Amino acid sequence: MALAANKDADPMVVAALNTLAAAEDAHRSAAESHTTPSHVQDRTANTVRQAKAMLELARGLPPKSTSSRSLLTSTNRFSEQSVGTRKLWRGRSTIEDHFNIDSSFRLLGPVAEQTNLTRQVHDFFNLVALIPIILLNIMNWASPLALWGPEGLRGDVSLEMLWEGGFSEEFWWLSLGYFVFDFLFIFTFPKCVHSPEVVLCHHVAAMNYILVPKFFPEFMWVMGAVMSVEVNTWFLVARRAFNTAGEKPFTTGISLFKSFRLAFVSCCFYVSWICNRLLVNMYVLTYIIRTYMDFIVNALPPPLDIRLVALIVQSSLLSLNIKWTVDLVRSKLKNVEETGL
């Protein structure tokens, strides 16, 4: 309960007393509940100690006590970290659209969605429309068994050699239709996504990108490899659509079935992020660079070519994926550093 202040009281002392009272009340409530984790009780106890130290400083006492010195030290350290954080993190990261990130860039868990009708419709459209695109893409590739020979894993099989392309025409048109429709929907209802400008720019780049295999069919496997990222997109949308409240699996109040479902979708999201957004895209970029370098060396003078679009777009998309990965890993490491988990 806040303490009443008389007109002669030092406002800093009154504020410190109120802070101490609130900290003690929070610590008492945490200690009385048997469901409160021990690390939370430790943090509330530390808050009480820091509040007492703040009261000493507000009353003008010299920082002789350990708690006061600790408060000064931690305050200085926090200021230094804050400056460093601002240097490292000047803008808003796109991962904040999907994760709850605090001011120190610590990942707190899934973000609680503020649902609206257009977002629900858009999520449903993606969950449905991406499935045939993913299936057609899979049908264009050889069986994973082709990677294995009599003596085990074959070393002479490259990713491009696994492309069969039996349904490449259908795959191309369906992908184009998806990007066009999704672009028009987001352009008309920008509130259906968190960052409409980013998504619209991505779709424009993607539509230009897939023109390359239309003119150069030998690049169709590149489109198939790059479009495998839609597997990750599906799980990204599923994480949001199936967990609008931002609940954490295996926590109090979450059923075991729901916890396993949330954990499964989340694991698939991270695995597909690493495999599709990073590893496959890195492989494709090295192939495009090597192919384009061979092309310009053999063409004198080096002409501008539509294949340059593939190089520019692939480099840009991979750079964004790496940037988002760094943000995500940094936020998780920050969480581990501060919680010890």
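Here the structure is a predicted model, which means the values were calculated and not measured.

Engineer: What am I meant to see in the packing of aromatic side chains here?
Structural biologist: What describes a pair of aromatic rings is the distance from one ring centre to the other and the angle between the planes of the rings. According to the stated counting rule, one finds 15 aromatic pairs in the structure shown. Between the aromatic rings of Phe250 and Phe260, the centroid separation amounts to 5.2 Å while the plane-to-plane angle is 90°, which identifies the pairing as edge-to-face. Of this pair, Phe250 sits in the loop between α9 (229-241) and α10 (256-298) while Phe260 sits in helix α10, and the two are 10 residues apart along the sequence. Its relative accessible area of 48% is what places Phe250 among the partly exposed residues.

Engineer: What's the story with the confidence of the model for the chain in this structure? I'm lost.
Structural biologist: Segments scoring low in pLDDT should not have their predicted coordinates read at a detailed level. Mean pLDDT over the chain stands at 78; residues scoring 70 or higher make up 70%. The least confident element of the chain is helix α3 (residues 66-88), whose mean pLDDT is 45; the most confident is helix α5 (residues 168-188), at 96. In the model, residues 1-5 has pLDDT below 50 throughout and makes six contacts with residues more than four positions away in sequence or in other chains. A low-confidence stretch, residues 74-90 (pLDDT under 50), is modelled with nine contacts involving residues beyond four sequence positions or located in other chains.

Engineer: I keep staring at the environment of Ile210 and nothing clicks. Help me out?
Structural biologist: Take Ile210: it is sitting in the loop between α6 (196-209) and α7 (211-215). A relative accessible area of 5% means that Ile210 is categorised as buried. Considered as a pair, Ile210 and Met227 are 17 residues apart in the sequence and their alpha carbons are 9.7 Å apart.

What counts, and at which threshold
Residues numbered from 1 in each chain as written. Predicted model: local features only at pLDDT ≥ 70, side-chain atom pairs only at ≥ 80, totals over all residues. Heavy atoms only, no water. Phe/Tyr/Trp six-rings, centres within 6.5 Å; stacked < 30°, edge-to-face > 60°. Helix = DSSP H or I, 4+ residues; strand = E, 2+ residues; numbered from the N terminus. Buried < 20%, exposed > 50% of the residue type's maximum accessible area, 1.4 Å probe, protein only. pLDDT = per-residue confidence, 0-100. Contact = heavy atoms within 4.5 Å.

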